[in-house]
Amino acid sequence: MSNYHIKNFEEYFHVYRKSIRNPENFWEEVAEEHFLWRKRWDNVLSWDFKKPEVKWFEGGKLNITENCIDRHLRIRGDKTAILFEPNDPKEAAEHISYKELYKRVNKFANVLKSQGIKKGDRVCIYLPMIPELAISVLACARIGAIHSVVFAGFSSSALATRINDSSCKMVITSDGGFRGNKTINLKSIVDEALLKTPCVETVLVAKRIKSTIEMKEGRDVWLQPLLDKADEECEIEVMDAEDPLFILYTSGSTGMPKGMMHTTGGYMVYTAFTFKNVFQYRENDIFWCTADIGWITGHSYIVYGPLLNGATTVMFEGVPSYPDFGRFWEIVDKHKVSQFYTAPTAIRALGKESVDFVEKYDLSSLKTLGSVGEPINEEAWHWYNDNIGKKKCPIVDTWWQTETGGIMISPIPFVTPTKPTYATLPMPGIQPTLLDENGKEITGNQVDGRLCIKFPWPSMARTIWGNHDRYRETYFSAFENMYFTGDGALRDEVGYYRITGRVDDVIIVSGHNLGTAPIEDAVNEHPAVAESAIVGFPHDVKGNALYGFVILKETGEYRDHTNLRKEINQIITEHIGPIAKLDKIQFTVGLPKTRSGKIMRRILRKIACDEIGNLGDTSTLLNPEVVQEIIDNKID
Ligand code: WTA
């Protein structure tokens, strides 16, 4: 019997136990029955968390796009693969069938080839949420080029850093994009980034906003004329299961963003399996994940997971607030969406608006609701459950990471009884555990600790591009023989997991991971700033917002603090992007430091969160007197 589609709770436990007893057998069975391999693997799994090295389906040969597209042509050729809903509701939606997707991906792949892109080359994709984004991702995969999608909200300097880190040969972008009532001039951001990226040879430019832009002779090429000329057939590149599929950058607590590298076979098997089960996808359902393809959620659950299952996946260009706060619900109604997958920050923002925005629309097509990106608070969970799901749609609170490639802990709808704010139980094959500070496993229930995973799973990232040492350091050195997630979690009396949040210096703002170090580096660039420390504090829409403590140089200038705050945020916007702007900036004469000179962020965090009642022992600080001064001048 196939274990691909779990249908009841008993079966879940049965499958789960089986998957843990013999993970190799379990994943082999899934891989065997549901995909097209050009050659079968020689070895299901080899692994060593010390090196660390993990290989799945070694020796297997395949192409993921053959599994996403070609394989469906005979039975689902005319079915909609990608349903594109534009920013402006007056612009018609576009239904791209599997047949059409096949042609468009092949044409695009041929264009890439004609521009000199080969297997193993890195291609940076910096596009708004238009069909070309999904198509270019697939086109890269078709010819074995490694895509590195950079979210189009990132600044030119963040883009340049990412392009250089993986030495991309090509950038795919557009003249611009529409987001709500704004028009974004993407090409000019790319132009600025490319002043600092000697590795880029070609820029392919898609047309979206039809503005006049500069095209640099010998470097920039319009995409459409090339597509028009390109052939509709493009033979797949046969890939090894462990060949890289893509790089996707995520923030670390320190230093450069980490280019998480995912490989082909395991990623395919795991994203397909989790998509099917976590959303209980049935033929003819319409699946909508509201994420941007610039994030892992979009990679795995807008593009790969759904297409691997022959699903119809909605791609939305716009924002939930345009033309009004009913936009999401209007789209659910219009396209009869069956599964709706979004982030707590969006739910909280929409929950603040009148329910009239919801009630205008018929949401009866909905079967399952999903949440991802950060812990979903109780109030948001209930609002989602009551107003959107009408108490009939299970909410799958899915915990996972860019590094994990696919959903790790989540209820299975209609199978796992849900519990507000709990991600509940692990997917088959996933072995979570909680560790205490000394690295000891905490057994039993009603406990909390640091969340680790004990055993490899097919879609785990294999390395950080160009920096395997950092990969080992970050994920495999905190606890021996464990993958450390960076998250804290608790396990309740029945064994359900609840993710409580990051235990490192990553702060999740509106579902985006932000490392404190790069933001502090940006702030410190301001000529008036001597030193800074950034912490998170609770925010009712964004989940967390950023609070900066800033020491100024004693120059006597820059007395106008309002302007100074604006300038600091401007620098952050330029270096990272507007998502990293500080909500509060407190100028201070000192920061609490340990005797070895380390900033005690724990104390600043408590002050920012109004938890001054339990600051803990401050007597060991180098400068305990500064704490009271900071409390007295706190910004509300
Ligand atoms: C957090 C997003 C609580 C967590 C797929 C994780 C969550 C980080 C949840 C990864 C959830 C994600 N409940 N926290 N359901 N989902 N997180 O890499 O801290 O953008 O480590 O991947 O988001 O964020 P990333």
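Residues numbered from 1 in each chain as written. Predicted model: local features only at pLDDT ≥ 70, side-chain atom pairs only at ≥ 80, totals over all residues. Heavy atoms only, no water.

**Notes on the pattern of salt bridges**
Applying the stated criterion across every chain yields a total of 46 salt bridges. Across the pair Arg-142 and Asp-70 runs a salt bridge, and its minimum N-O distance is 2.9 Å. A residue pair is termed long-range when its members are at least 10 positions apart, and Arg-142 in helix H6 (residues 131-143) and Asp-70 in the loop between helix H3 (64-68) and helix H4 (73-76) qualify at 72 residues. Of the charged contacts in the structure, one is a salt bridge between Lys-454 and Glu-441, with a shortest N-O distance of 3.2 Å. In this pair, Lys-454 sits in the loop between strand S22 (447-453) and strand S23 (463-464) while Glu-441 sits in the loop between strand S21 (432-435) and S22, placing the two residues 13 residues apart along the sequence. Among the residues examined, Lys-454 registers a relative accessible area of 31% and is labelled partly exposed. Judged by its relative accessible area of 33%, Glu-441 falls in the partly exposed class. (Salt bridge = Lys/Arg side-chain N within 4 Å of Asp/Glu carboxyl O. Helix = DSSP H or I, 4+ residues; strand = E, 2+ residues; numbered from the N terminus. Buried < 20%, exposed > 50% of the residue type's maximum accessible area, 1.4 Å probe, protein only.)

**Concerning the site of the ligand**
Residues in contact with the ligand amount to 17 residues; listed here are only the nearest, Asp-397, Thr-398, Thr-402, Asp-487 and Arg-502. Here Glu-374 contributes a backbone N or O atom positioned 3.4 Å from a nitrogen atom of the ligand. The contact in question runs from a nitrogen atom of the ligand to an N or O atom on the backbone of Thr-398, over 2.7 Å. Its free accessible area being 520 Å², the ligand has 96% of it covered by the protein chains. If you list the elements that add at least two residues to the shell around the ligand, you get helix H11 (296-308), strand S20 (395-398) and strand S25 (497-502). A breakdown of the residues in the shell around the ligand according to their chemical character gives seven nonpolar, six polar and four charged. (Near = heavy atom within 4 Å. Polar contact = N/O pair within 3.5 Å; in protein donor to acceptor, adjacent residues only side chain to side chain. Areas by Shrake-Rupley, 256 points an atom, 1.4 Å probe, with all protein chains shown as cover. Nonpolar A, V, L, I, M, F, W, Y, C, P; charged D, E, K, R; others polar.)

**Digging into the sheet that holds S25**
An order of S21-S22-S24-S25 is seen for the four strands of this open sheet, with the pairing classed as antiparallel. Two strands bound the open sheet, and with one partner strand each, they are S21 and S25. Geometrically, the sheet is characterised by an average inter-axis angle of 45° between neighbouring strands, direction not taken into account. Inspection of the sheet shows S21 paired to S22 by four bridges, in the antiparallel sense. Looking at S22, one finds that Pro-432 is bridged to Ile-453. (Pairing = 2+ DSSP bridges. Axes fitted to C-alpha atoms, helices over the stretch in contact; angles between N-to-C directions.)

**Description of the packing of aromatic side chains**
A full pass over the atoms with the stated rule returns 48 aromatic pairs. Judged by centre distance (5.8 Å) and plane angle (90°), the rings of Phe-26 and Phe-273 are edge-to-face. Here Phe-26 is found in helix H2 (residues 23-34), whereas its partner Phe-273 is found in helix H10 (residues 264-278), with 247 residues between them in sequence. As far as burial versus exposure is concerned, Phe-26 and Phe-273 are alike and both buried. Taking the centre distance of 5.9 Å and the plane angle of 65° together, the rings of Phe-154 and Trp-295 count as edge-to-face. Of this pair, Phe-154 sits in the loop between strand S7 (146-149) and helix H7 (156-165) while Trp-295 sits in the loop between strand S16 (286-289) and H11; the two residues are 141 residues apart in sequence, bridging distant segments of the chain. Note on Phe-154: relative accessible area 10%, which makes it buried. Members of the aromatic cluster, connected to one another through ring pairs, are Trp-47, Phe-49, Phe-455, Trp-457, Tyr-471, Tyr-475, Phe-476 and Tyr-483. Against the face of Phe-154 rests Arg-162, its NZ or CZ located 4.3 Å from the ring centre. Residue placement shows Lys-207 over the ring face of Trp-222; its charged tip is 4.7 Å from the ring centre. (Phe/Tyr/Trp six-rings, centres within 6.5 Å; stacked < 30°, edge-to-face > 60°. Lys NZ or Arg CZ within 6 Å of the ring centre and 35° of its normal.)

**Some thoughts on a negative patch on the surface**
Side chains of Asp-231, Glu-232, Glu-233 and Glu-235 sit close together on the surface and give a patch of like negative charge. Considering the arrangement of structural elements, one finds Glu-232 in the loop between helix H9 (223-229) and strand S13 (239-240). (Patch = residues over 30% accessible without salt bridge, like charges linked within 9 Å, V, L, I, M, F, W, Y side chains within 5 Å. Lys, Arg positive; Asp, Glu negative; His and termini not counted. Charge placed at Lys NZ, Arg CZ, Asp CG, Glu CD.)

**Topic: unusual backbone geometry**
Cis geometry is adopted by the peptide bond preceding Pro-52, which originates at Lys-51 and carries an omega value of -20°. Examined against the element boundaries, Pro-52 turns out to sit in the loop between strand S1 (43-48) and strand S2 (53-58). In this chain, Tyr-322 is followed by Pro-323 through a cis amide linkage whose omega measures -5°. Relative to the elements of secondary structure, Pro-323 occurs in the loop between strand S17 (312-316) and helix H12 (327-335).

**Looking at the environment of Thr-290**
For Thr-290, the location among the structural elements is in the loop between S16 and H11. For the pair formed by Thr-290 and Ser-532, sequence separation is 242 residues and the distance between their alpha carbons is 35 Å. Engagement of the side chain of Thr-290 in a polar contact is seen with the side chain of Thr-342, the distance being 2.8 Å.

**Description of the UniProt feature "domain: AMP-dependent synthetase/ligase" (unreviewed entry) in the chain**
Mapped onto the present numbering, the UniProt feature "domain: AMP-dependent synthetase/ligase" (unreviewed entry) falls on residues 71-462. Helix makes up 30% of residues 71-462 and strand makes up 22%, while its end C-alpha atoms are separated by 27 Å. (UniProt positions renumbered as here; feature names shortened; annotations may be inferred.)

**Let's talk about the sheet that holds strand S19 (residues 368-372)**
The strand order across the open sheet formed by seven strands is S5-S4-S17-S16-S18-S19-S20, and the pairing between neighbours is mixed. Two strands lie at the open edges of the sheet, namely strand S5 (94-97) and S20, each paired on one side alone. Ignoring strand direction, the axes of neighbouring strands in this sheet form an average angle of 20°. Here four bridges tie strand S18 (residues 339-342) to S19, and the two strands are oriented parallel to one another. Paired with Tyr-341 across the strands is Gly-370, a residue of S19. On the sheet, H11 packs against strand S4 (80-85), S16, S17, S18 and S19 and is oriented at approximately 150° with respect to S17. (Contact = heavy atoms within 4.5 Å.)

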